[in-house]
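An overview of the molecular structure
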Amino acid sequence: MKGLVRTAVLLGVSTLVALDTYSAEPNARDIMEKNFFVSKVKSLKTDSTMVLINDKGQQRERKNTTLLKLQANGIDSKLLVKFSTPADIKGTGFLQVEHSDGEDDLWIYLPALKKSRRLVANNKKDSFVGTDFSYGDISLPKVDQYQHKRQRNEQIDGQDCYVIESIPINETVKTNSGYSKKITWARTDNFLETKVEYYDVSGRLLKTQRITQHRQVEPQPARWVALHREMTNHQTGHQTVLNFDKIEPGVAAPDEVFTTRYVERE
Amino acid sequence: MRLRAAISFAALMGVSGAGQADDSRVPESPAFEGVQAFLQTRRVSGALRADYFHAAKRPDQGSDLLGVTAQIKTLPELGERIDGKLEARITNPALNRDGASQSRLLEGFVTLHLAQADLRIGKQIVAWGRADGINPTDNLTPRDYTVLLPFEDDQRFGTTAIKLDTYLSPQHTLTVFISPFFKPAMISLPTAGRTLRETTPARTLANSELGLKLDKIGEGLDGSISYFHGFSLLPDLRLLGSNPVEPILESHYDRINVLGADFARNFGRFAVRGEAAYVDTRDTAGDDPGIKNPYLFWIIGIDRTFFEEMNVNVQFFQRRVRRYHAPEGIADLQARAVALLNALIDGQRDRISNGISFRVSNKWFNNTLEAEVFAVLNLTRRDRFIRPLLTYAFTDHWKGTVGAEVYGGAADTQFGSLKPRRGVFAELRYGF
């Protein structure tokens with residue numbers, strides 16, 4: 001009888017501990033918010049290579065240098081991208097100034113035009129210079145533009161991940177992003193994504209992004225950068241591999257750098 | 001002859017067979033890669049281009065022209081705060097017509113980067129205006145409208161000038177442009193049955209050009225106001241008299257003062273761009289048919305991207321000519337013909353002329369295939385211009401382009417008068 005009571009008590013305690021543990025786990029929105037912020041580095045300079053691979057295996061390559069700076073509100077970033085190869089896009093520049101309380105400012109500089117041109121910020125689904133990444137994939141959308149639901153936990157590359165399903169909150173977000181659903185595998189230890197599936201507006205699987213080689217670049221709060229990303233478009237068979245060849249965290253670029261003055265420098 | 005040119009072009013396209021096989025996946029020879037790396041570290045790039053044009057842009061060139069062009073650009077870094085640019089083009093636009101080679105320095109300047117300013121000295125292209133393709137405020141540096149290359153921007157070349165950009169804040173820039181060396185646009189004037197003499201402004205300090213612009217970017221709205229005191233890039237013709245055989249015309253360039261403004265703003269998925277310029281000329285009374293009249297030229301348009309890559313841009317433009325006098329009102333036949341030519345060159349055929357432009361472009365296969373149709377319709381006289389363009393990138397280095405220029409309308413209209421230029425063109429380009 002005494003043993004039975006002890007077993008019952010142990011079971012009860014275990015259940016309470018388990019319940020407590022579950023309730024201590026973050027909810028889907030919290031996870032995606034942490035996922036949003038974990039890559040919000042204060043400042044970063046990178047040299048990267050994007051390899052575009054078509055369904056026949058033929059490759060094209062784009063190299064660029066990127067400067068990134070977090071704005072004072074800790075949410076919005078400024079981004080400057082300059083392409084150095086191939087010849088036909090050499091000198092092309094891209095400048096983005098995020099505004100969490102409104103539309104982002106976006107400009108593209110094409111050397112042939114000799115002037116910067118304002119882009120429509122809502123065109124998040126447009127391809128970023130012909131790659132499989134869209135503008136919306138390059139710059140993460142605001143967390144509350146999607147409704148998030150925890151599905152399960154799963155291991156990817158030996159790492160425990162939360163699996164989160166994200167649905168656009170309205171038709172506008174769906175149309176602008178080109179996605180009806182995203183499923184994100186975010187690491188339980190640092191919240192950085194390791195895999196993302198993107199579903200087109202009709203609900204078919206469109207793209208899968210695999211993210212590896214995570215590196216912590218800022219200690220407190222912890223900020224991470226993934227050095228390798230692969231985006232595969234399942235509907236075209238095309239793939240883009242993005243490799244950061246060199247990263248320099250903490251490069252203090254003044255605000256003046258994130259202006260059309262610098263984007264227009266060839 | 002057309003067949004021969006086509007065969008010759010096909011032979012050149014055969015060269016691209018290697019280009020099509022060429023791919024980043026195919027290993028280049030170490031020497032080739034070495035050259036590429038050397039050029040890249042020296043900030044040197046360029047292109048070799050083979051072009052076919054069915055129609056010439058100058059009456060003396062004939063038709064079915066096969067040309068070759070070499071273009072090279074270098075961006076030397078001359079110090080921590082000084083860099084520069086040299087870009088030159090050598091072209092023979094009519095290899096199969098014993099055409100002469102032409103060379104041109106497109107740009108050659110040094111730039112000194114100061115904390116709050118950039119000072120650029122030398123031959124430079126300065127492009128003003130936020131509208132798409134039609135820019136009333138773009139009066140500083142010329143274009144060569146006779147060049148036999150397929151892209152709009154191939155027409156641009158620089159003027160020797162000093163340009164100072166002062167950054168008043170990250171959002172505001174004040175630009176001062178001074179050029180003591182006026183360089184006019186190159187256009188083909190109908191010389192058949194006429195003697196033409198060109199006079200350009202003397203290179204004196206008094207004939208310097210001045211441009212001022214205050215530009216604002218960011219926070220949802222880009223815009224500028226500008227002023228230009230210089231010379232019209234396009235000529236006016238004046239009847240000087242007649243020799244026993246034919247009339248004698250003088251092509252000249254007059255002072256203009258331009259007040260301009262432009263803006264670009266997004267409304268949801270639409271981008272709205274507008275631009276306006278009031279151009280004051282020396283013919284304030286409007287009674288000299290040899291000088292263009294003062295006019296207001298404005299344009300406004302919207303563009304939107306549909307699906308993933310299809311961009312549609314529609315613009316409405318209007319020219320309002322002050323103190324307009326119709327060329328038809330001139331009694332003297334020769335003087336009337338010259339006035340009509342001036343009206344066609346300056347877009348002053350009517351007191352008020354309205355028009356629309358339309359550009360639709362799309363990209364497929366991760367930007368390897370690009371198509372674009374650009375069209376302009378003058379609503380007042382129904383003359384029109386359409387330019388379809390198709391470009392395919394075989395690899396990162398090799399690109400092929402085919403297109404056409406189609407002009408329509410009555411012979412006494414701006415685009416109708418250019419009907420002899422109608423034709424197809426093609427280009428094969430190797431970029432490095």
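Scanning chain A from terminus to terminus reveals five helices and 13 strands. The 266 residues of chain A split such that 52% are buried. For chain A, the share of sequence-separated contacts (at least 6 apart) that also reach a separation of at least 24 residues comes to 47%. Here chain A has roughly 12100 Å² of accessible surface; of this, 54% comes from carbon and sulfur atoms.

Below, the discussion takes up the confidence of the model for chain A. Predicted confidence across chain A gives a mean pLDDT of 90, with 91% of residues reaching 70 or more. Low pLDDT, under 50, characterises residues 16-22 of chain A; the stretch is placed with zero contacts to residues that sit more than four places away or in other chains.

All names here are of chain B. The terminal C-alpha atoms of helix α3 (residues 333-346) lie 20 Å apart, and with 14 residues this matches the ideal 20 Å at 1.5 Å per residue to within 8%. Those residues of α3 lying buried are V338, A339, L341, N342, A343, L344, I345 and D346. Those residues of α3 that are buried lie in contact with β11 (236-242), β12 (247-252) and β16 (310-321). With a side-chain oxygen positioned 3.2 Å from the backbone nitrogen of Q334, the residue opening α3 is D332.

Moving on, we come to the packing of aromatic side chains. With the rule as written, the count across this model stands at 17 aromatic pairs over all chains. Geometrically, the ring pair formed by A:F94 and A:Y135 is tilted, given 5.2 Å between the ring centres and 45° between the ring planes. Of the two residues, A:F94 sits in strand β4 (residues 93-97) while A:Y135 sits in helix α3 (residues 135-138), which places them 41 residues apart along the sequence. Here A:Y135 falls in the buried class, since its relative accessible area comes to 14%. Aromatic pair B:F297 and B:F317: ring centres 6.3 Å apart, planes at 80°, arrangement edge-to-face. Taken together, the residues B:F297 in strand β15 (residues 295-306) and B:F317 in strand β16 connect sequence positions 20 residues apart. In this structure an aromatic cluster arises from ring pairing among A:F83, A:F94, A:F128 and A:Y135. If you follow A:R187 out to its NZ or CZ, it ends over the ring of A:W224, 5.6 Å from the centre. A cation over a ring is seen here: B:R319 above B:F297, with NZ or CZ 4.1 Å from the ring centre.

All names here are of chain B. Pairing is mixed in the open sheet, where three strands are placed in the order β8-β12-β11. In this open sheet, the two edge strands, each paired with only one partner strand, are β8 (195-198) and β11. Sheet twist, expressed as the mean angle between neighbouring strand axes with direction ignored, is 25°. Sheet topology places β11 next to β12; six bridges connect them, and they run antiparallel. The residue bridging L237 from the neighbouring strand is S251, located in β12. α3 rests against β11 and β12 of the sheet, and its axis sits at about 165° to β11.

As a further point, take the pattern of salt bridges. All told, the structure shown has 55 salt bridges over all chains when counted by the stated rule. B:D262 is paired through a salt bridge with B:R130; the nearest N and O atoms lie 2.9 Å apart. Of the two residues, B:D262 sits in strand β13 (residues 255-267) while B:R130 sits in the loop between β5 (117-124) and β6 (159-167), which places them 132 residues apart along the sequence. Here B:D262 and B:R130 have matching classes, each one buried. Residues participating in the shared-partner salt-bridge network are A:K114, A:E266, B:K73, B:K85, B:E87 and B:E107.

Here we come to the interface of chain A and chain B. Interface size, as often reported, equals the accessible area lost upon joining of the parts. Each partner contributes residues to the interface: chain A has 43 residues there, and chain B has 55 residues. Around 4000 Å² of area is buried between chain A and chain B when both sides are counted, 42% of it from carbon and sulfur atoms. Between chain A and chain B we count nine salt bridges in total. Here A:R62 and B:D396 are joined by a salt bridge, their closest N and O atoms 3.2 Å apart. For the side of chain A that touches chain B, the secondary-structure elements that each account for two or more residues are β2 (59-70), β3 (77-85), β5 (105-110), β6 (115-118) and α5 (260-263) of chain A. Counting residues per element, the side of chain A that touches chain B draws most heavily on β2(A), at four residues. Counted by class, the side of chain A that touches chain B contains 11 nonpolar, 14 polar and 18 charged residues.

Attention shifts here to a nonpolar patch on the surface. Among the surface-exposed residues, B:L78, B:I82, B:V110, B:I121, B:I162 and B:I178 lie close enough to one another that they form a single nonpolar patch of about 460 Å² accessible area. As for its position among the elements, B:I178 is in strand β7 (residues 172-179).

A few words on the environment of B:R351. Tracing the backbone shows B:R351 in the loop between α3 and β17 (352-364). For the pair B:R351 and B:V321, spaced 30 residues apart in sequence, the C-alpha separation works out to 5.0 Å.

Here the bond from A:T85 into A:P86 is cis, since omega is 0°, no more than 30 degrees from zero. Position of A:P86 among the secondary structure elements: in the loop between β3 and β4. Phi is positive for A:Q213, which is not a glycine, with a value near 55°. Among the structural elements, A:Q213 can be located in strand β11 (residues 205-218). For B:E219, which is not a glycine, the phi torsion comes out positive at approximately 55°. Residue placement: B:E219 occurs in the loop between β9 (209-216) and β10 (221-231).

Residue and element names in this part refer to chain B. In terms of strand pairing, β13 meets strand β14 (residues 270-281) through 12 bridges, oriented antiparallel. Opposite L259, over in β14, you have Y278 as the bridge partner. Here β13 folds back onto β14 in antiparallel fashion, the turn holding two residues, of which G268 has a positive phi close to 60°.

With that settled, consider the confidence of the model for chain B. Confidence along chain B averages 90 in pLDDT terms, with 92% of residues attaining 70 or more. Taken as a whole, residues 1-27 of chain B scores under 50 in pLDDT and shows 44 contacts with residues more than four places along the chain or in a different chain.

Rules used throughout
- Sequence positions are assigned chain by chain, starting from 1 and proceeding in written order.
- Chain A is the first chain written and ligand 1 is the first ligand written, with later ones labelled in order.
- The predicted nature of this model means local features are confined to residues of pLDDT at least 70 and side-chain atom pairs, given and counted, to a pLDDT of 80 or more, with totals for whole chains, interfaces and linings taken over all residues.
- Hydrogens and water are ignored here; the side-chain numbers use all heavy atoms of the structure.
- Numbered from the N terminus, helices here are DSSP runs of H or I no shorter than four residues, and strands are runs of E no shorter than two.
- Relative accessibility under 20% of the residue-type maximum defines a buried residue, over 50% an exposed one, and the middle range a partly exposed one, all with a 1.4 Å probe and only protein chains included.
- Note on contacts: a residue pair qualifies if any of its non-hydrogen atoms lie within 4.5 Å across the two residues.
- Per-residue and other accessible areas were derived by the Shrake-Rupley procedure at a 1.4 Å probe size, with only the shown protein chains allowed to occlude residues.
- The pLDDT value tells you how sure the predictor is about a given residue, anywhere from 0 up to 100.
- The span you would expect from a helix comes to 1.5 Å times its residue count less one.
- Counted as a polar contact is a pair of N or O atoms within 3.5 Å, where, for protein atoms, one must be capable of donating a hydrogen and the other of accepting one, and residues adjacent in sequence contribute only when both atoms are in side chains.
- Only the six-membered ring of Trp is used, alongside the rings of Phe and Tyr, when aromatic pairs are assigned; centres must lie within 6.5 Å, and planes under 30 degrees apart are stacked while those over 60 apart are edge-to-face, with the rest tilted.
- We count a charge as sitting over a ring when the NZ of a lysine or the CZ of an arginine lies within 6 Å of the ring centre and within 35 degrees of the ring normal.
- The rule for pairing is simple: two strands pair if DSSP sees at least two bridges between them.
- Only C-alpha atoms enter the line fits that serve as axes; for helices the fit covers just the stretch in contact. Angles between N-to-C directions range over 0 to 180 degrees.
- Every case where a carboxyl oxygen of Asp or Glu lies within 4 Å of a side-chain nitrogen of Lys or Arg is listed as a salt bridge.
- For any pair of parts, buried area is found by adding up, for both, the accessible area (1.4 Å probe) each one loses once the two are put together.
- Gly is put with the polar residues, along with every residue not named as nonpolar or charged; the nonpolar set is Ala, Val, Leu, Ile, Met, Phe, Trp, Tyr, Cys and Pro, and the charged set is Asp, Glu, Lys and Arg.
- The residues that make up patches have over 30% relative accessible area and no salt bridge, and they are joined within 9 Å when like-charged or within 5 Å when they are Val, Leu, Ile, Met, Phe, Trp or Tyr.

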